[in-house]
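Topology and contacts: notes
Letter by letter, the chains look like this.
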Amino acid sequence: MKGKKIRSINFILWLSFLGFAAFIIILTWVFQATLLKTLFSDQFERDINEFGDDVYGVLKAEFRKPSEKPVPEYLFYIMNEKEDDYPAAKIYILKEDGDLMFPLLEDSSGARDEWQGYAEDKPEYALFNKVRQKLDENAGTDPVVMKMSDACYVYSAKLSAEDYSNLDEDAYLYISYSTEMSNMVYGHMTENLVLISIIVIFIALIISTLISMELTKPIAQITKAAKRMAKGDFTVDFTGRYAYAEMDSLAETLNYAKEEIGKSDELQKEVLANVTHDLKTPLTMIKAYASMIQEISGDNPQKRAKHTQVIIDESDRLTALVNDILNLSKIRSGMDSLKKETFNLSEFIHTVLERFEYLTEMQGYTLERDIEDELYTEADMEKMEQVIYNLVGNAVNYTGEDKKITVSLKRSGEGKIRFAVTDTGKGIPPEEISTIWDRYYRSAETHKRPIKGTGLGLSIVKTILIKHDFEYGVESEVGKGSTFFVLFPEK
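Just so we're clear, the structure is a prediction, and the values are computed from it rather than from any experiment. (Residues numbered from 1 in each chain as written. Predicted model: local features only at pLDDT ≥ 70, side-chain atom pairs only at ≥ 80, totals over all residues. Heavy atoms only, no water.)

In this section: helix α11 (residues 381-398). For α11, which comprises 18 residues, the first-to-last C-alpha distance of 26 Å matches the rise-based estimate of 26 Å (1.5 Å per residue) to within 8%. Burial runs high along α11: 13 of the 18 residues are buried. Structurally, the start of α11 carries an N-cap: the backbone nitrogen of Glu382 is 3.1 Å from a side-chain oxygen of Asp380. (Helix = DSSP H or I, 4+ residues; strand = E, 2+ residues; numbered from the N terminus. Expected span 1.5 Å × (residues − 1). Buried < 20%, exposed > 50% of the residue type's maximum accessible area, 1.4 Å probe, protein only. Polar contact = N/O pair within 3.5 Å; in protein donor to acceptor, adjacent residues only side chain to side chain.)

To continue, consider the sheet that holds strand β4 (residues 152-159). Pairing between the strands of a sheet comes from backbone hydrogen bonds, and it takes one of two forms, parallel or antiparallel. As summarised here, the arrangement of the five strands in space is β2-β1-β5-β4-β3, forming an open sheet in which the pairing is antiparallel. Sheet topology places β2 (100-102) and β3 (144-149) at the edges, where each strand pairs with a single neighbour. The average undirected angle you get between the axes of adjacent strands in this sheet is 35°. When strand β1 (residues 89-95) meets β2, the two strands line up antiparallel, connected through two bridges. Bridge pairing in β2 places Ile93 opposite Phe102. (Pairing = 2+ DSSP bridges. Axes fitted to C-alpha atoms, helices over the stretch in contact; angles between N-to-C directions.)

Moving on to the UniProt feature "transmembrane region" (unreviewed entry) in the protein. UniProt records the feature "transmembrane region" (unreviewed entry) for residues 12-31 and 193-211 in the present numbering. Taken as a whole, residues 193-211 contains 100% helix and 0% strand, while its terminal C-alpha atoms sit 26 Å from one another. (UniProt positions renumbered as here; feature names shortened; annotations may be inferred.)

Further remarks concern the packing of α11 against helix α12 (residues 457-468). The contact between α11 and α12 brings their axes to 9 Å, and the two run at 145°. Both α11 and α12 take part in a crossing whose hand is left-handed. Taking contact as the criterion, the partners of Lys383, Met384, Gln386, Val387, Asn390, Leu391 and Asn394 in α11 are, on α12, Gly457, Leu458, Ile460, Val461, Ile464, Leu465 and His468. When the residues that make up the contact of α11 with α12 are grouped by side-chain class, the tally is eight nonpolar, five polar and one charged. (Left-handed = near helix turned anticlockwise from the far one by under 90°. Contact = heavy atoms within 4.5 Å. Nonpolar A, V, L, I, M, F, W, Y, C, P; charged D, E, K, R; others polar.)

This part takes up the nonpolar core. In this structure, Ile349, Met384, Leu391, Val407 and Phe419 are the most contacted members of the largest nonpolar core, which totals 40 residues. It is α11 that provides the largest number of residues to this core, a total of seven residues. Apart from the residues within four sequence positions on either side, Phe419 is in contact with Ile349, Ile388, Leu391, Val407, Ser408, Leu409, Phe484, Phe485, Val486 and Phe488. Core analysis: the second largest hydrophobic core is formed by 21 residues, Leu59, Ile91, Ile93 and Phe102 among them. (Core = buried A, V, L, I, M, F, W, Y, C linked by side-chain atoms within 4.5 Å.)

Below you can see the structure in the form of structure tokens.
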């Protein structure tokens, strides 16, 4: 029971939604932890490169002009101008030993107090030395951008006294770019993502539960009805107000199966009753006439012969019934395999029809033949003999007062040979057409039975033809008779 619950639709849907939610969450985390962080890092480098190149370009131009001061006042102007666009950037010009060349608090700018903290936050010498070594590796010709930590990027360039007349000694442009604000935003995004992950998982659980309940509700209804049917209640109805086309289709299929099983159940009961009756009748007759011979006609040769003939006839009938039941069972179970061979179907039908000649001679039946010569087919001859004999015998049983039966065999085109047996009886009502091939089918109309029969003839015909994969059927009109036909492959 525990294993069944694990494999239930409820559990599978719950697990699927949970897995999908987890996949989305993991994908989001991966995106934030890798792609988004990489995008931020690339953007930071682009920003500091753009800002640093602007400042460096201006410095290169200005330091070549004659000036009374080593660092012009416009650097303050640049910082004020760019503050809104690059609030996290700070510009320093450092000497070789790391001391500040800009900004200097004693510079006469008219607003030195606001740079007090700025100057006091000058880069540590260890960081500056690391950048200076990188510049020296590049021979001091190109600026460098370095990531000093997760919260700081540095743009730096060397200003050589040999190239700039306004410099008394070598200097270094050092622009620090803080990413603390971005890291703070990133941290808030991470916290929000954790909250969103919890909400998504919770919603996934609720949705999966609701959907699984909605999906399994009709399945539970159908299962309940199926259990009733399994107990023999064929009045159940699987149809209902389902929201899904698949459930409607399943309900229709189960209703069809219910009807067919119901028919099979009724047929089984009918077969049991008929077999019981058919076995009981000849056994009763045999016992009765055996007793009569023993008690009454034992010394009377004429009566004894008459009574023993009845016993023989009933024994033959009993044997035929048992043989038909056994043949039908063997064919349907697959135990009786087909032995196909090519043979002359025209001559074969003539041979089978000769067994009915006594009906024309002794009981006034007319057996018309419309059979083309030299038509060959491939089939099991023994089984086809049963098919032809049973179809003709069925026509004899149900033909009209004129006792006329027509047997035809003709090419029907497309490599087929059409064998047909037509009687002039009262025909088959449309509602009975689908049941005439069932075991022990009996028409509601009364009929004579001049030849011996067991009620299994058409069922045996159907089973044999299905085994051969031959087409067959019946055409009938009430009051005008019926035509049973089989399409044989022509060889």
